[in-house]
Amino acid sequence: YQRRVHGTLSECLFFFGRKKKMSVLSCETSAIDNAIQPRIPVPARSSPDEALGTLASVVSFIIGIILIIFVGLPILAGTVFPQFKEWENIWGDINPMAWFGIGVGFCIGISIIGAAWGIFLTGSSLAAAAVRAPNIRSKNLISIIFCEAVAIYGIILAIIMQSKIQKVPENPPEGAADMIKRTGYVLFCTGCTVGMGNLGCGVSVGVVGSACAISNAANDSLFVKILVIEIFASALGIFAIIVGILQSGGSEWPN
């Protein structure tokens, strides 16, 4: 009887000791696995200062080209330092259709630059953040749509501006030359207004969309909150297109 009891106690002690040892080994194994498991770093994006510096470089380049074409070349073609009254002749001799063409080019060209810039910022951050959280890919495509809408704004205004230009009548009425010049100037200013407005809108939507993708990968509840900010950023392009439509309404073509 004593031998049987002693054997039973030995088996119980062996069983509990083995179970405790296995639990310790499993804890050590899980700790080692957690330590060895590679961690995917949180994707990062460029600082806003770098984007703004690049934006300033692009704007400076565009302004420099405008100054060379419309200031430097007229000065070289005439006198080195023309008199103040001669500037009217220099600018007035430029064909109004040239002003119109440059305005349409600025409208669609700078708008596409803004849209491409926004897609570049948002798309790169979205692709990187989707590695950590693949479920954010579908709903964050709305940021790409907002950026693409900026280019659509420029196309719409370019079509409206194109409709303002008609064929010059064979027997133009009195004052037709002044009306054509005014139309060229108005459409040039319209293209600059819409183009620069859409450029700022595209960069703004791109930066906010990039932050939206990164924050959504870290915390799913932040998507709707940052989306509201992105909607307000996208409204800047709508303001530009509204002002552009009002500006182009001031053009008048002789009948």
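Thresholds applied
Residues numbered from 1 in each chain as written. Predicted model: local features only at pLDDT ≥ 70, side-chain atom pairs only at ≥ 80, totals over all residues. Heavy atoms only, no water. Helix = DSSP H or I, 4+ residues; strand = E, 2+ residues; numbered from the N terminus. Buried < 20%, exposed > 50% of the residue type's maximum accessible area, 1.4 Å probe, protein only. Areas by Shrake-Rupley, 256 points an atom, 1.4 Å probe, with all protein chains shown as cover. Contact = heavy atoms within 4.5 Å. Core = buried A, V, L, I, M, F, W, Y, C linked by side-chain atoms within 4.5 Å. Axes fitted to C-alpha atoms, helices over the stretch in contact; angles between N-to-C directions. Parallel < 35°, antiparallel > 145°, perpendicular 65-115°, else oblique. Phe/Tyr/Trp six-rings, centres within 6.5 Å; stacked < 30°, edge-to-face > 60°. Disulfide = S-S within 2.5 Å.

### Structural notes on the overall build of the chain
Looking only at helices and strands, one finds seven helices and zero strands in the chain. Of all 255 residues assigned to the chain, the portion counted as buried reaches 34%. Entry remark: accessible area of the chain is about 15900 Å², with carbon and sulfur atoms responsible for 68%.

### With respect to the side chain of Asn 198
Its place among the elements puts Asn 198 in helix H6 (residues 176-218). Discounting chain neighbours no more than four positions away, the residues touching Asn 198 are Ser 111, Gly 114, Val 150, Tyr 153, Gly 154, Gly 237 and Ala 240.

### Quick word on the nonpolar core
Phe 100, Val 104, Cys 107, Leu 157, Met 161, Ile 165 and Leu 187 are the most contacted members of the largest nonpolar core, which totals 14 residues. Secondary structure elements with two or more residues in this core: helix H4 (96-132), helix H5 (141-164) and H6. Tallying contributions element by element places H5 first for this core, with five residues. With 13 residues, the next largest nonpolar core counts Cys 147, Phe 223, Leu 227 and Ala 233 among its residues.

### Side note on the packing of H4 against H6
At a minimum axis separation of 7 Å, H4 and H6 run at an interaxial angle of 5°. Comparing their axes, H6 and H4 come out roughly parallel.

### Comments concerning the environment of Val 104
Here Val 104 shows up in helix H4. The exposure class assigned to Val 104 is buried, which follows from its relative accessible area of 15%. Taking C-alpha positions, Val 104 is 9.0 Å from Gly 154, a pair spaced 50 residues apart along the chain.

### Looking at the environment of Lys 167
Position of Lys 167 relative to the elements: it lies in the loop between H5 and H6. A residue is classified by how much of its surface remains accessible, and Lys 167, at 74% relative accessible area, is exposed. C-alpha separation for the pair Lys 167 and Trp 253, spaced 86 residues apart in sequence, amounts to 9.1 Å.

### Brief notes about the packing of aromatic side chains
If you walk through the whole model with that rule in mind, you get three aromatic pairs. Ring centres 5.7 Å apart and planes at 75° place the aromatic pair Trp 99 and Tyr 185 in the edge-to-face group. Here Trp 99, found in helix H4, pairs with Tyr 185, found in helix H6; they are 86 residues apart in sequence, far enough to count as distant. A residue is classified by how much of its surface remains accessible, and Trp 99, at 7% relative accessible area, is buried. Feature note: the residues Trp 99, Phe 106, Tyr 185 and Phe 188 constitute an aromatic cluster, connected by ring pairs.

### Here's the deal with the state of the cysteines
Summed over the entire model, instances satisfying the criterion amount to zero disulfides. No disulfide involves Cys 192; its sulfur sits 6.4 Å from that of Cys 189, the nearest cysteine.

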